[in-house]
Amino acid sequence: MTGVIYHELFGKHLEGYQHVESPGRYAAVMERLRNCGVTEHLSFVEAQPARPEWIEAVHDHDFVNGILSMEVDSSVVLDWGDTVATKFTQQAAILSAGAGVQAAEKVLNGELDSVFCAVRPPGHHAERDRAMGFCIFNNIAIAAAWLLGEGGLGRVAIVDWDIHHGNGTERIFIEDDRLLYISLHQYPHYPGTGHENTTGIGKGDGFTLNIPVGVGSGDAMYLNKFDNVVVPALDKFEPEFILISAGFDGHSDDPLSGGLLTSGVFGEMTRRLMDVADRHCGGKIVSLMEGGYNLDALADSIEVHVTTLAVGGSINTDSGRKE
Ligand SMILES: [Zn+2]
């Protein structure tokens, strides 16, 4: 059974504030997942808040304290004007961080086979000591740190296919040889990091794999990188758990980037990661929503992704509608 972690407050963050990372994203995704062809194969689970120690495993205490203690009357700008908090943001951020750990725990103990977390705010740009790029807490890094700590694992892989480089995730684990971070991203592009020469530091050298792609990269380029770089790297690492930073802003209809992906390729990439997970870790996969800003493209792509997680992609969707 595949889980979908949700919470009403994921649709309240930035409510009433004009922003591309809008509450409508959550509404579109949940509407689709509750009415898609595989709903009977999905288990909908309400998110639980993260414990402070989970968050502080990857973020500085003062930063976390600052976020949690700030007074938000209407809105507060956290970073360069593009990361904003409104009335329910603090609760949504704690729940987004909690969702990843909750998902990881349920898959680790066999309660669920895989989980998609429909979280907002997203996380992969958030650094140890600051919010950035619409992200407040680094949800996927928190889940990975939990797996490597309380979860007792020794090797966790994060595959980040959001069109933007996950600078925060990379930085948090740059010296860690227990975490393989693999990112495919448009380059050069926001946030400016993700050069292929960045491979890790110290004993973490070789455990960061950046795969920059040019503007206009489509399905064929991505699948080529998956088959020739991503999958072989994962097979070599032999992960005990795979986490996906699932951003869908590489879609051809997305307003923020120059990717030319179809919704169908998200199923193809998911299938490949499921095969790797089957080979090395009993299929253990947890996916967390990152970007994706065209509501129809986001819902289409997530339907394909979650359908693939749930039933291996055998139910036909509108994948490939934009060849
Ligand atoms: Zn993105």
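Computed from a predicted structure; not experimentally measured. (Residues numbered from 1 in each chain as written. Predicted model: local features only at pLDDT ≥ 70, side-chain atom pairs only at ≥ 80, totals over all residues. Heavy atoms only, no water.)

Draft legend 1. Fine view of unusual backbone geometry. Cis geometry is found at the peptide bond from Arg-120 to Pro-121, where omega equals -5°. As for its placement among the helices and strands, Pro-121 is situated in the loop between strand S5 (114-117) and helix H5 (139-148). Tyr-187 connects to Pro-188 through a cis peptide bond whose omega is -5°. Of note in the backbone geometry, Glu-238 takes a positive phi value of approximately 55° without being a glycine. Relative to the elements of secondary structure, Glu-238 occurs in the loop between helix H7 (219-237) and strand S9 (242-246). (Helix = DSSP H or I, 4+ residues; strand = E, 2+ residues; numbered from the N terminus.)

Draft legend 2. Fine view of a negative patch on the surface. On the surface, a cluster of negative charge is made up of Glu-56, Asp-60, Asp-62 and Asp-129. Residue placement: Asp-62 occurs in helix H3 (residues 61-69). (Patch = residues over 30% accessible without salt bridge, like charges linked within 9 Å, V, L, I, M, F, W, Y side chains within 5 Å. Areas by Shrake-Rupley, 256 points an atom, 1.4 Å probe, with all protein chains shown as cover. Salt bridge = Lys/Arg side-chain N within 4 Å of Asp/Glu carboxyl O. Lys, Arg positive; Asp, Glu negative; His and termini not counted. Charge placed at Lys NZ, Arg CZ, Asp CG, Glu CD.)

Draft legend 3. Representation of the confidence of the model for the protein chain within the structure. Here the protein chain averages 95 in pLDDT, while 97% of its residues score no lower than 70. Residue range residues 315-323 is modelled with pLDDT below 50. Its contacts to residues more than four positions away, or to other chains, number 24 contacts. (pLDDT = per-residue confidence, 0-100. Contact = heavy atoms within 4.5 Å.)

Draft legend 4. How the structure looks around the packing of helix H8 (residues 264-281) against helix H9 (residues 295-311). Between H8 and H9, the shortest axis-to-axis distance is 8 Å and the interhelical angle comes to 25°. Classified by the angle between their axes, H8 and H9 sit roughly parallel to one another. Considering how the two elements wind past one another, H8 and H9 form a crossing that is right-handed. In contact with Gly-264, Phe-266, Gly-267, Thr-270, Arg-271 and Met-274 of H8, H9 contributes Ser-301, Val-304, His-305, Thr-308 and Leu-309. Its residues assigned to classes, the contact of H8 with H9 comprises 4 nonpolar, 6 polar and 1 charged. (Axes fitted to C-alpha atoms, helices over the stretch in contact; angles between N-to-C directions. Parallel < 35°, antiparallel > 145°, perpendicular 65-115°, else oblique. Left-handed = near helix turned anticlockwise from the far one by under 90°. Nonpolar A, V, L, I, M, F, W, Y, C, P; charged D, E, K, R; others polar.)

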